[in-house]
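# Examination of the molecular architecture
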Amino acid sequence: MHSPFPPDAVSPDAVPPEAVVSALRAAGCVFAEDEAELILATARTDAELTSMVDRRVAGLPLEQVLGWAEFHGLRIGVAPGVFVPRRRTEFLVDQALALAPHAPVVVDLCCGSGALGAALAAALDGAEVHAADIAPAAVRCARRNLAPFGGRAHEGDLYDALPAGLRGRVDVLLANVPYVPTAEVPLLPAEARDHEPLVALDGGADGLDVLRRVAAEAPAWLAPGGRLLSETGERQVTAALRAFADAGLTARLAESEELYAHVVIGERP
């Protein structure tokens, strides 16, 4: 794609803020002014600024252009090929903290960038935090985000990635699983469809394949009274609650109309 800016811009005025806003607006960015402000504040040189605007104009998610996403009061590092944490998922974190404000052991399954684990680690004093993902790029990203809190990230398929010593000890198990039905993946916004990993989006025929696997094995990993929390779509709530109940968990739903978030909560009796 042809850059709207000179490739060798070096002077402070080489890329005027107005030009950044105009380029983003022309590319269809609804919040062009806000995005321009973030890009201008992040870029360290004019050349970097030009590159960032070019990538955003080409359709990369803003968070991947910036290299970070704001989540639950933290700056979470993100990278190409890693799922970008959504603001609505902060509701999942809030539910976990309300239920277990002193949880000593936390696991973040399907962790992506590790945003959920990092948010809980920041809020829980001295908790043992583990995260896991099947994608190597996600695990590398999660390790960087968890490092300041002493958390650990593991690579592998769901529970297979976790240290065996966690079985029966997990107080809070977060699983922001992929829950888009396969047939609806092509209908997602281009930013997600083209620039985020399919494994983090596609949840199978009805969107609940991964959630069922997580729920089925959760009782073996949860401590007595431990809880599994997972985000799901509005149309999937009934089936998700059934999956939790079939696994032997006491299941209920928490909703946020403001964030359009639906979190299924299961407790090990």
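Each chain carries its own residue numbering, running from 1 in the direction its sequence is written. Only residues with pLDDT of 70 or above have their local features reported here, since the model is predicted, and side-chain atom pairs are shown and tallied only from 80 upward, although totals for entire chains, interfaces and linings are computed over all residues. The basis for every side-chain value is the complete set of non-hydrogen atoms in the structure, without hydrogens or water.

### Considering the pairing of strand β9 (residues 261–267)
Spelled out, the test is: Each residue's exposure class comes from its accessible area (1.4 Å probe, protein chains only) as a fraction of the maximum for that residue type: buried when under 20%, exposed when over 50%, partly exposed otherwise. Strands here mean DSSP runs of E at least two residues long; helices mean DSSP runs of H or I at least four residues long; both are numbered from the N terminus. Any two strands with at least two DSSP bridges between them are considered paired.
The buried fraction of β9 is high, at 6 of 7 residues. Where strand β7 (residues 222–231) and β9 come together, 5 bridges link them in antiparallel fashion. Considered in β9, the bridge of R227 is made with E267. Examined bridge by bridge, strand β8 (residues 250–256) and β9 share 7 bridges and lie antiparallel to one another.

### Points about the packing of aromatic side chains
Under the convention used in this document: Working definition: rings of Phe, Tyr and Trp (its six-membered ring) pair if their centres are within 6.5 Å, and the pair is stacked with planes under 30 degrees apart, edge-to-face with planes over 60 apart, and tilted otherwise. Cation placement over rings: the criterion is NZ of Lys or CZ of Arg within 6 Å of the ring centroid and within 35° of the ring normal.
Applying the stated criterion to the full structure yields 1 aromatic pair. When the centroid spacing of 5.5 Å and the interplanar angle of 15 degrees are considered together, the rings of Y159 and W221 count as stacked. Residue Y159 is found in the loop between β5 (152–155) and β6 (170–175), and its partner W221 is found in helix α9 (residues 209–221); the two are separated by 62 residues along the sequence. Here the basic side chain of R75 rests over the ring of W68, its NZ or CZ set 3.7 Å away from the ring centre. We note R167 situated over the ring of W221; from NZ or CZ to the ring centre the distance is 5.0 Å.

### Let's talk about the pattern of salt bridges
Side chains that differ in sign of charge can pair as their charged atoms come close. Using the following cut-off: Throughout this description, the term salt bridge denotes a Lys or Arg side-chain nitrogen within 4 Å of a carboxyl oxygen of Asp or Glu.
By the definition in use, this model includes 11 salt bridges. In this structure, the salt-bridge partner of R44 is E48, at a minimum N-O distance of 2.8 Å. We note a salt bridge from R212 to D206, for which the minimum N-O separation is 2.6 Å. With a relative accessible area of 34%, R212 lands in the partly exposed category.

### Focus: the environment of R56
The test is simple: Note on contacts: a residue pair is in contact if any heavy atoms of the two residues lie within 4.5 Å.
Summarising the element assignment, R56 is placed in helix α3 (residues 46–57). For R56, a relative accessible area of 7% corresponds to the buried category. On a C-alpha basis, the gap between R56 and I76 in space is 19 Å, while along the polypeptide they are 20 residues apart. Apart from residues lying up to four places away in sequence, R56 is in contact with L24, C29, E35, I39, P61, L62, V65 and E191.

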